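Commentary on secondary and tertiary structure
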Amino acid sequence: MHRVISMNTVFPTKIVRDNYFAMPIMEDYMEVLKPKPEKDVLLIVGDGSNVLQDIDKWYRVAEGVVPYDTMGVNYSPMVIPHPIQHYAAGDAHMPDMQRIAKSLPKEVVKHAWNPGCAHFDVRWIRNGRGGWSGTSANLALKIALALDYTRIVLAGCPMDNSGNWYTPLIGDNDIKARKDHRHHLWKWTEISGRPIHVFVRSLSGKTAELFGEPTRSWLCHEPETTDEVTDYGRAN
């Protein structure tokens, strides 16, 4: 399935750290980029102010129920309390993202969108289209689909104006201090109307309203009971 999905979204190129312009296509990327043993479930962790509450909710739903990989997005590896397998940043060329990528263990696969990202492993490029639009979490979802994850759960990605977990730690003059993600909700709304929406759930916020929350049955590819879901399959 990964070849069908990735042909319609993004494809991976290898970052050659001493050659800015060299971006060879990774033909064997499933072998290189997906940790072994392969898992079906991926937790994508964003920077929402509620990220720790979402992770706690995730543990109560999934821990000990299904094996899963985790993808940290942007600054979230600084607060995720368990090991991660992937790191993704839409603005991977920025110094902050470079520092975080450099600080992560070697076995963490680092995914970038921009060229010139020396501390990342792979750059994903849109197939036959123009520039990128959306958030880093949108990019993380596209990567997840290309890597054959079919149970993808968003944590700390409410897409509202509640801010980020690091907002109290930065100055009022910081460009990130008043971050409002609501204008990016259109992209998630568009995704929720496409066939790929069946692979996605969210733990909170506007994205949970669009995709529903994960249940243990859904994570295990089993029929969801009426006690677990309402509103035509959307989770409680």
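Model, not experiment: these values are computed from the prediction.

A word on the pattern of salt bridges. Where charged atoms of side chains with opposite charge meet at close range, the side chains can pair. In total, this model carries nine salt bridges according to the counting rule given. Its salt-bridge partner being arginine 60, residue aspartate 56 comes within 3.2 Å of it at the nearest N-O pair. In this pair, aspartate 56 and arginine 60 are both assigned in helix α3 (residues 51–62), four residues apart and thus about one turn of the helix distant. Through salt bridges with shared partners, a single ionic network connects Lys187, Glu190 and Arg194.

Across the sheet, which stays open at both edges, the eight strands sit in the order β1-β6-β5-β4-β3-β2-β7-β8 with mixed pairing between neighbours. With partners counted over all chains shown, the strands left at the sheet margins are β1 (10–14) and β8 (200–202), one partner each. On average, adjacent strands in this sheet sit at an angle of 25° to one another, irrespective of strand direction. Note: strand β7 (residues 151–155) against β8, three bridges, orientation parallel. Counted as the bridge partner of leucine 154 is serine 202 from β8. Of the strands in this sheet, β1, β2 (41–45), β3 (68–73), β4 (86–89), β5 (109–112), β6 (122–126), β7 and β8 are in contact with helix α5 (residues 136–146), which crosses β3 at around 150°.

As a further point, take the confidence of the model for the chain. Taken as a whole, the chain shows an average pLDDT of 85; of its residues, 82% reach a score of 70 or greater. Note that pLDDT drops below 50 for residues 1–8; the model gives that stretch 15 contacts with residues more than four away or on any other chain.

What follows deals with the environment of tyrosine 59. Along the chain, tyrosine 59 falls in helix α3. For tyrosine 59, a relative accessible area of 26% puts it in the partly exposed group. Those residues in contact with tyrosine 59, other than ones at most four positions away along the chain, are Tyr68, Pro81 and His82.

Quick look at unusual backbone geometry now. Look at the link from lysine 36 to proline 37: it is a cis peptide, with omega at -5°. Tracing the chain through its elements places proline 37 in the loop between α2 (29–33) and β2. Within the chain, methionine 159 stands out as a residue other than glycine whose phi angle is a positive 55°. Tracing the backbone shows methionine 159 in the loop between β7 and α6 (185–192). One non-glycine residue, histidine 221, lies in positive phi territory at about 60°. With respect to the helices and strands, the residue histidine 221 is situated in the loop between α8 (216–219) and β9 (229–230). The exposure class assigned to histidine 221 is partly exposed, which follows from its relative accessible area of 47%.

This paragraph deals with α3. Side chains three or four residues apart in an α-helix point the same way, a direct result of the helix having 3.6 residues per turn. Here α3 contains 12 residues, and its C-alpha end-to-end distance of 16 Å stays within 8% of the 16 Å for a straight helix at 1.5 Å per residue. Within the sequence span of α3, burial applies to Val51, Asp54, Ile55, Trp58, Val61 and Ala62. The arc that holds the buried residues of α3, viewed along the axis, is 120°, so those residues lie on one side. Of the residues in α3, the exposed ones pointing more than 90 degrees away from the buried face are Gln53 and Arg60. For α3, the elements touching its buried residues are β2, β3, β7 and α8. Backbone geometry just after α3 places glycine 64 at a positive phi near 80°.

Rules of the game
- Residues numbered from 1 in each chain as written.
- Predicted model: local features only at pLDDT ≥ 70, side-chain atom pairs only at ≥ 80, totals over all residues.
- Heavy atoms only, no water.
- Salt bridge = Lys/Arg side-chain N within 4 Å of Asp/Glu carboxyl O.
- Helix = DSSP H or I, 4+ residues; strand = E, 2+ residues; numbered from the N terminus.
- Pairing = 2+ DSSP bridges.
- Axes fitted to C-alpha atoms, helices over the stretch in contact; angles between N-to-C directions.
- Contact = heavy atoms within 4.5 Å.
- pLDDT = per-residue confidence, 0-100.
- Buried < 20%, exposed > 50% of the residue type's maximum accessible area, 1.4 Å probe, protein only.
- Expected span 1.5 Å × (residues − 1).
- Arc of directions from axis to C-beta.

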